[in-house]
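Spelled out from the first residue to the last, the chains are:
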Amino acid sequence: MSKKIDSALAKLTEALKYHAEVVSADKVRADKVARSNAKVRRTAAAYASAVYSRTATESPFLDIPDPRLAEETVASLKAERDAIKARKVASKDAAHKGKDEAPQSDSGS
């Protein structure tokens, strides 16, 4: 391996190991995760740059998808959840209203 690629790989490996430790902890602090994420991104970019300068090939990280759901999917799921909740509330209200309007016995005849 070239010295630059070897060095970049070592730094990326170190950043990934540290990141795994941070996110695997019992209490995960958001600020620590954010810093660790940034370090992984920086070292991955440095590794890709070292590979590119040696081979003129594209980054090996280009096609890694974001694990989060698309905003449209999240909005659709929230709307579906809200609709289900509204139907449940409406059916409970109808059931309670039906109990309130139950016929009363007429014993005054």
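Preceding this section is the structure that the text describes.
My aim in this report is to walk through the structure given alongside it, one point at a time. Here the structure is a predicted model, which means the values were calculated and not measured.

**Description of the pattern of salt bridges**
Argument step 1. For the structure shown, the criterion picks out 4 salt bridges.
Argument step 2. With a shortest N-O distance of 3.9 Å, Glu-14 and Lys-39 are connected by a salt bridge. With Glu-14 in helix 1 (residues 3–24) and Lys-39 in helix 2 (residues 30–55), the pair connects residues that are 25 residues apart, well separated along the chain.
Argument step 3. Residue Arg-29 is joined to Asp-31 by a salt bridge in which the shortest nitrogen-to-oxygen separation is 2.9 Å.
Argument step 4. Assessed through its relative accessible area of 46%, Arg-29 is described here as partly exposed.
Argument step 5. The class of Asp-31 is partly exposed, set by a relative accessible area of 36%.
Argument step 6. In this structure, a network of salt bridges that share partners links the residues Arg-29, Asp-31 and Arg-35.

**Thoughts on the packing of helix 1 against helix 2**
Argument step 1. The interhelical angle for the contact between helix 1 and helix 2, taken along N-to-C directions, is 160°, at an axis separation of 9 Å. Taken together, the axis directions place helix 1 and helix 2 in an arrangement best described as roughly antiparallel. Taken as a pair, helix 1 and helix 2 cross one another with a handedness that is left-handed.
Argument step 2. Tallied by class, residues from the contact of helix 1 with helix 2 come to 16 nonpolar, 4 polar and 6 charged.

**Here we look at the side chain of Thr-43**
Argument step 1. Structurally, the position occupied by Thr-43 is in helix 2.
Argument step 2. A polar contact of 3.1 Å, which involves the side chain of Thr-43, links it to the backbone oxygen of Val-40.

**Here's the deal with helix 2**
Argument step 1. Here helix 2 is 26 residues long and its end C-alpha atoms lie 37 Å apart, about the 38 Å a rise of 1.5 Å per residue gives.
Argument step 2. What helix 2 keeps buried is the set Val-33, Ser-36, Val-40, Thr-43, Ala-44, Tyr-47, Ala-48, Ala-50 and Val-51.
Argument step 3. Turning to helix 2, the residues buried within the fold contact helix 1.
Argument step 4. Ala-56 occupies a position one or two residues after helix 2 and carries a positive phi of about 60°.

How each quantity is defined
Residues numbered from 1 in each chain as written. Predicted model: local features only at pLDDT ≥ 70, side-chain atom pairs only at ≥ 80, totals over all residues. Heavy atoms only, no water. Salt bridge = Lys/Arg side-chain N within 4 Å of Asp/Glu carboxyl O. Helix = DSSP H or I, 4+ residues; strand = E, 2+ residues; numbered from the N terminus. Buried < 20%, exposed > 50% of the residue type's maximum accessible area, 1.4 Å probe, protein only. Axes fitted to C-alpha atoms, helices over the stretch in contact; angles between N-to-C directions. Parallel < 35°, antiparallel > 145°, perpendicular 65-115°, else oblique. Left-handed = near helix turned anticlockwise from the far one by under 90°. Nonpolar A, V, L, I, M, F, W, Y, C, P; charged D, E, K, R; others polar. Polar contact = N/O pair within 3.5 Å; in protein donor to acceptor, adjacent residues only side chain to side chain. Expected span 1.5 Å × (residues − 1). Contact = heavy atoms within 4.5 Å.

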